[in-house]
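# Results of the structural survey
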Amino acid sequence: MRFLRHDLHTLTGAYVLDAVEPAEQARFEHHLRRCKPCGHEVRGLAETATGLAMAVAMEPPAQLKQRVLTAVSVTRQMPPAADRHHRSRLAFRQAWFPRLAVAVAVACLVVAVVLGALGLSARRELDRARAQNQAIAAVLAAPDARVVTQTSTVGGTATVVVSRAERKLIFTTAGLPRLPAAKVYELWLIGPPQIRKAGLVPAPSAGKTTPLLASGLVAGDKVGVTVEPAGGTSQPTATPILLMSLPA
Amino acid sequence: MYDQLAGPVYGLIRKVVRDPAQSEEVTQEVLLEVWRTASRFDAARGSAATWVMTIAHRRAIDRVRSTTAAAEREHKTAQPLVLTDEVAETVAANMDAERVRRCLGGLTELQRESITLAYYGGYTYPQVAALLHAALGTVKTRIRDGLIRLRDCMGVS
């Protein structure tokens with residue numbers, strides 16, 4: 001028994017390289033669920049394998065981009081799994097390749113904007129959407145962009161991508177409760193000197209809201225959301241359902 | 001998202017699958033899967049890069065282990081793959097690639113060959129053992145201790 005366990009434990013390396021044959025893989029995964037040190041080792045070695053992957057990065061053929069973006073535009077995203085609100089800031093910071101962490105976290109934002117733009121017919125609206133799209137892209141591309149995710153007090157999560165250098169942030173949500181037509185979620189920048197309106201959160205589609213861009217961020221600002229009468233108010237009139245500190 | 005992910009994903013798949021047209025196909029599948037399942041990414045389980053590259057590697061492996069592709073690959077991969085000039089011509093011929101190459105250089109030959117054949121070659125460790133005429137248990141442990149040495153060399157926490 002002891003031998004068997006040791007034997008399985010040494011599979012961590014082959015396992016992270018996808019080099020274990022199916023039957024043995026199933027046995028190992030069964031073992032992995034109960035073996036904490038194995039899980040820890042697998043995670044570390046998987047990050048190491050990622051290093052091997054990054055070392056062979058290669059410029060893909062130019063035509064691939066259009067094909068992927070086209071395919072993305074007709075592919076539905078899966079809703080977030082239940083009980084998984086652990087996308088902590090800490091973990092993002094520890095990511096071995098943090099820029100990529102940002103890229104993945106905001107993958108949905110970029111495409112949501114593109115899709116939003118495709119849905120509009122009027123030329124002027126398209127232009128406006130395009131300008132908005134570019135402004136959002138600038139935040140995402142900022143070297144100091146950081147991602148923060150937090151659960152609201154009424155359920156659902158908000159994700160913020162913030163760039164201090166651009167003094168902007170992008171705000172998006174998933175799974176917020178639906179509001180009656182007379183109500184709206186309003187976003188605020190809450191600073192020590194004053195509270196400023198930062199826009200109305202768009203109505204969700206498939207549980208997610210399209211990105212909202214807020215500008216004029218100053219040091220010490222927090223992000224807050226309240227439920228307000230449709231059309232919004234100039235100052236919050238209710239207790240925030242979400243109050244997020246931003247990374248410095 | 002595309003610009004950040006496409007290079008690493010395509011590079012890895014190309015390394016494993018080799019055929020450019022098939023690599024493009026698999027890359028598209030992977031990027032779509034990342035897009036489709038982005039909300040399921042769980043940072044508690046590892047970095048985003050690892051999440052993406054794990055999907056990419058598994059898809060590439062699925063492709064090369066499917067029977068038709070396997071037959072065609074047999075004669076293309078007669079020699080064990082090693083990281084040589086191929087790294088230099090990639091876009092990531094940057095510090096990361098340099099560091100990985102240096103760290104691979106610090107392994108024993110058996111460790112290095114076992115790891116590169118398994119990861120870049122897409123072979124299972126029993127296949128690697130057969131290719132290298134080494135004992136099964138030896139290859140299994142060399143892969144593990146080689147990766148541990150790489151991990152320490154690359155400074156992955």
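Just so it is clear, the structure is predicted and the values come from calculations on it, not from any experiment.

### Regarding the confidence of the model for chain B
- When pLDDT is averaged across chain B, the result is 82; 80% of the residues are at 70 or more.
- Scored by ipTM, the complex comes to 0.86, with pTM at 0.59.

### A closer look at the pairing of strand 2 (residues 157–163) of chain A
Residues and elements named next belong to chain A.
- Most of strand 2 is tucked away, with 5 of its 7 residues classed as buried.
- Here 6 bridges tie strand 1 (residues 146–151) to strand 2, and the two strands are oriented antiparallel to one another. When the sheet's bridge partners are listed, Arg146 is paired in strand 2 with Val162.
- Hairpin connection of strand 1 to strand 2: 5 residues between the antiparallel strands, including Gly155 at a positive phi of 100°.
- Two strands pair when backbone bridges link them, and strand 2 and strand 3 (residues 168–174) are joined in this way by 7 bridges, in the antiparallel orientation. Residue pairing in the sheet places Val162 in a bridge with Leu169 of strand 3.
- Taking the residues that link successive antiparallel strands as the turn, the strand 2-strand 3 hairpin has 4 residues, and the phi of Arg167 there is positive, at about 55°.

### Observations concerning the sheet that holds strand 5 (residues 195–200) of chain A
Residues and elements named next belong to chain A.
- The sheet built from 4 strands is open, its strands ordered 5-4-7-8 with antiparallel pairing. At either end of the open sheet lies a strand with only one pairing partner, and these are strand 5 and strand 8 (242–245). Each neighbouring strand pair of the sheet contributes to a mean axis angle of 30°, computed without reference to strand direction.
- Here 8 bridges tie strand 4 (residues 183–190) to strand 7 (residues 222–229), and the two strands are oriented antiparallel to one another. Looking at strand 7, one finds that Glu186 is bridged to Thr226.

### Considerations on the packing of helix 7 (residues 109–119) of chain B against helix 8 (residues 125–132) of chain B
Residues and elements named next belong to chain B.
- The geometry of helix 7 relative to helix 8 is characterised by a closest axis approach of 10 Å and an angle of 130° between their N-to-C directions. Relative to helix 8, the element helix 7 lies oblique. For helix 7 against helix 8, the interelement crossing comes out right-handed. Contacts between helix 7 and helix 8 involve Glu113, Ser114, Leu117 and Ala118 on the former and, on the latter, Tyr125, Val128, Leu131 and Leu132.
- Taken together, the residues that form the contact of helix 7 with helix 8 break down as 6 nonpolar, 1 polar and 1 charged.

Thresholds, definitions, all that
Residues numbered from 1 in each chain as written. Chains lettered and ligands numbered in written order. Predicted model: local features only at pLDDT ≥ 70, side-chain atom pairs only at ≥ 80, totals over all residues. pLDDT = per-residue confidence, 0-100. Buried ≥ 20, exposed ≤ 12 C-beta atoms within 10 Å, placed from the backbone. Helix = DSSP H or I, 4+ residues; strand = E, 2+ residues; numbered from the N terminus. Pairing = 2+ DSSP bridges. Axes fitted to C-alpha atoms, helices over the stretch in contact; angles between N-to-C directions. Parallel < 35°, antiparallel > 145°, perpendicular 65-115°, else oblique. Left-handed = near helix turned anticlockwise from the far one by under 90°. Contact = placed C-beta atoms within 7 Å. Nonpolar A, V, L, I, M, F, W, Y, C, P; charged D, E, K, R; others polar.

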